[in-house]
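What the coordinates show
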Amino acid sequence: MSTVAAISTPNAVGGIAVIRISGDDAIGVAERIFTPFRGKNVGDMNGYTCAYGTAHDSGERIDDCILTVFRAPHSYTGEDTAEISCHGGLFVSRKILQAALRHGAVTAEAGEFTRRAFLNGKIDLTQAESVMDIISAKGDAELKMAENLRSGAAFRAAKKCSDSLLRILSGLAAWTDYPDEDIPEVEPDNLLSELLKIKNDLFSLVKNYDSGRIIREGVSTAIVGRPNVGKSTLFNCLSGFQRSIVTDIAGTTRDVIEETVRLGDITLRLADTAGIHLTDDVVEEIGVEIARKTLESAEIVIAVFDGSCPLTTDDFELISRLKSENSIAVINKTDKNIALNEEVLKKHFIHIVYISAKENTGINNIQTAVSEIIGLRPEIFSTVTVANERQKMCIENALDSVNQAVNAIECGELLDAVNVLLDDAEQKLLELTGEKITDAVVDEVFSRFCVGK
Ligand code: GDP
Ligand code: MG
């Protein structure tokens, strides 16, 4: 394959920058732009060895660097690879890249090194996709999930199903292609029970996609309540800085203010809303209406009540709009005396939390309640194997075909029809792992990558 080069470190000034060169002539390119101090020959260097020397371009010295050599197939891409680590200035690293380009390499596309790793069979497509997830992980949970994928968890799960399908398909083929041979007849009942097993496995893969989505993208969460109960104060508390305006004038927050907030391992897409109450003010009413809509579409609702005074008509109106399974009743202002009737809330809510937003106390209990609602147990992080829409679509399509095959058998249709459907399912699983895939899909997957990875 052609030899490509790119700067693999960020486009910024840093301690070290790395220029990566990969392909048939990678060591040759390195030899032409790098000379070791100790008279070694770059071309003679073994894999996994380094040399200290000078990078230069046509006789002009650029920088003192370290060259690391990887020999095919023992490199990230599976090809000969040279990595030059230089001082981390933008100018220096670009000059070395230019030298590499002038001496036989071409510019690497975004994700080119990982694409080559995939094309050279070093990793499957789901592992390639996980590389981007590892780079963009914002917390432990995301990193664990991405690591799980990188280790090939999705591949193994899909492979298990596709191997079972393959076994069934070959059984069917033998039986239909050689009807005269003494091959045991395919029993519809056995076939059915094997397919139901595959169906279950595929279904649980699709299901855990949702847990993954929650970890990656966050849970949409609305803070609601009547005016002045402390919604904006809580919002600021959770987001860690003053973003929403807090005053004791009712109706200060008129629009929805959103922020992505991390609570432990959970990411919330948090929205502060206008106080929900009856109002004659036309502008305020627009805010109230938006707040009601935000409440309805949110996956989790944090309903704030002022603990220092009894519940009001507006509070009761709000309570009637809330579902106990996805709401947390937050009793705020516990730094004052409690005057609110807690029994009423206990009847309506499963999750009740006491806080003082002003003094920043009790906030951890909100985190616990959120975890309970989304059922996010730590073990989920290591079982999530479906990472993105592409993978999910492949599994859903495979599941769809298996379902149709099950129906066909139950309706007593010919095994030929079943055969076609199961073959469809098998193709989809091969697409998931990248074993059978079009160039367009490969392009699409790697278009998400950055240059140098
Ligand atoms: P919102 O209308 O629900 O957004 O309420 P704000 O966050 O704007 O707060 C309304 C008033 O309640 C402000 O004066 C806050 O300082 C006050 N407040 C908010 N949280 C607390 C709390 O925990 N304790 C006390 N004592 N006052 C609070
Ligand atoms: Mg407010």
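Residues numbered from 1 in each chain as written. Chains lettered and ligands numbered in written order. Predicted model: local features only at pLDDT ≥ 70, side-chain atom pairs only at ≥ 80, totals over all residues. Heavy atoms only, no water.

1. Examining the overall build of the protein
Put simply, the rule is: Strands are runs of DSSP state E lasting at least 2 residues, helices are runs of H or I lasting at least 4, and numbering of each runs from the N terminus. Our radius of gyration looks at C-alpha atoms and nothing else; its globule reference is 2.2 Å times the residue count to the power 0.38. Throughout this description, buried means an accessible area under 20% of the type-specific maximum (1.4 Å probe, protein chains only), exposed means over 50%, and partly exposed covers the range between. What makes two residues a contact is simply this: any of their non-hydrogen atoms within 4.5 Å.
In terms of helices and strands, the protein carries 16 helices and 13 strands. Relative to the 2.2 N^0.38 estimate, which gives 22 Å for 453 residues, the radius of gyration of the protein is 30 Å and therefore markedly larger than a compact globule would have. Dimensions along the principal axes, computed over C-alpha positions, put the protein at roughly 80 × 80 × 35 Å. Counting the 453 residues in the protein, one finds 49% classified as buried. Considering only residue pairs separated by 6 or more positions, the protein has 66% of its internal contacts joining residues 24 or more positions apart.

2. Describing the nonpolar core
As a reminder of what qualifies: We call a set of buried residues a nonpolar core when its members are Ala, Val, Leu, Ile, Met, Phe, Trp, Tyr or Cys and they connect through side-chain atoms within 4.5 Å of each other.
Ranked by size, the top nonpolar core spans 31 residues in total, and within it Leu191, Leu195, Ile198, Leu202, Val418 and Leu422 carry the most contacts. For this core, the secondary structure elements donating two or more residues are α6 (153-177), α7 (188-217), α14 (389-410) and α15 (415-433). Among the elements that line this core, the one with the most residues is α14, at nine residues. Not counting the four nearest positions on each side in its chain, leucine 195 is found in contact with Leu165, Ile168, Val402, Ala405, Val406, Ile409 and Leu422.

3. Some remarks on the pairing of strand β9 (residues 257-263)
If a strand is regular, its side chains alternate between the two faces of the sheet. Selection criterion: A strand pair is defined by DSSP finding two or more bridges across the two strands.
With seven bridges connecting them, β9 and strand β10 (residues 266-272) associate as antiparallel partners. By the bridge assignment, arginine 262 is partnered in β10 with threonine 267. In sequence, β9 turns back onto β10 through a hairpin of two residues, with glycine 264 there showing a positive phi of about 60°.

4. Some remarks on the domain arrangement of the protein
Put simply, the test is: How far each domain reaches was decided by an automatic or database domain assignment. Buried area: the accessible surface (1.4 Å probe) lost by two parts on joining, summed over both. Just to be clear on terms, a salt bridge is a Lys or Arg side-chain nitrogen sitting within 4 Å of an Asp or Glu carboxyl oxygen. Within 3.5 Å is the distance limit for a polar contact, defined as a pair of N or O atoms, with the added protein rule that one can donate a hydrogen and the other accept it, and that residues adjacent in sequence qualify only through two side-chain atoms. In this classification, the charged set is Asp, Glu, Lys and Arg, the nonpolar set is Ala, Val, Leu, Ile, Met, Phe, Trp, Tyr, Cys and Pro, and all remaining amino acids, among them Gly, are polar.
Domain boundaries assigned for the protein yield domain 1 (4-108), domain 2 (140-208 + 385-446) and domain 3 (215-379). When each unit is reduced to the centre of its C-alpha atoms, the spacing between domain 2 and domain 3 is 44 Å. Tallying the contact residues gives six residues for domain 2 and four residues for domain 3. In total, domain 2 and domain 3 occlude about 540 Å² of area from one another, counting both sides; carbon and sulfur atoms represent 49% of this. Area buried by domain 2 at its contact with domain 3 is led by Ala141, Glu142 and Met145, which between them contribute 70% of it. Applying the counting criterion to the domain 2 and domain 3 interface returns zero salt bridges. Our count for the contact surface shared by domain 2 and domain 3 stands at zero residue pairs in polar contact (both at pLDDT 80 or more). Taken together, the residues of the side of domain 2 that touches domain 3 break down into four nonpolar, no polar and two charged.

5. A closer look at a nonpolar patch on the surface
Defined as follows: Only residues above 30% relative accessible area that lack a salt bridge enter a patch, with like-charged residues linked at up to 9 Å and the nonpolar side chains Val, Leu, Ile, Met, Phe, Trp and Tyr linked at up to 5 Å. The accessible surface values rely on the Shrake-Rupley method and a 1.4 Å probe; as for residues, cover is taken only from the protein chains in view.
A cluster of nonpolar side chains, namely Phe37, Tyr52 and Ile66, defines an oily patch on the protein surface of about 310 Å² accessible area. Mapped onto the elements of the fold, phenylalanine 37 is located in the loop between β3 (34-36) and β4 (49-57). Take phenylalanine 37: its relative accessible area is 44%, and that puts it in the partly exposed class.

6. Thoughts on the environment of valine 445
As for its position among the elements, valine 445 is in helix α16 (residues 439-446). Take valine 445: its relative accessible area is 4%, and that puts it in the buried class. Linking valine 445 and leucine 125, residues 320 residues apart in sequence, is a C-alpha distance of 8.5 Å. Discounting chain neighbours no more than four positions away, the residues touching valine 445 are Leu125, Glu129 and Arg390.

7. Here we look at the pattern of salt bridges
What the rule picks out here adds up to 20 salt bridges. A salt bridge links arginine 116 to glutamate 112; its shortest N-O distance comes to 3.1 Å. Of this pair, arginine 116 and glutamate 112 both sit in helix α3 (residues 112-119), four residues apart, which is roughly one turn of the helix. Comparing arginine 116 with glutamate 112, the two get one shared label, buried. Residues lysine 428 and glutamate 431 are paired through a salt bridge, measuring 3.5 Å at the closest nitrogen-oxygen approach. Here lysine 428 and its partner glutamate 431 are both found in helix α15, three residues apart, which amounts to about one turn of the helix. Taking the relative accessible area as the measure of exposure, lysine 428 reaches 27% and is therefore partly exposed. Glutamate 431 gets classed as partly exposed once you look at its relative accessible area, which sits at 22%. Overlapping salt bridges, with partners in common, bring together Glu79, Glu112 and Arg116 in one network.

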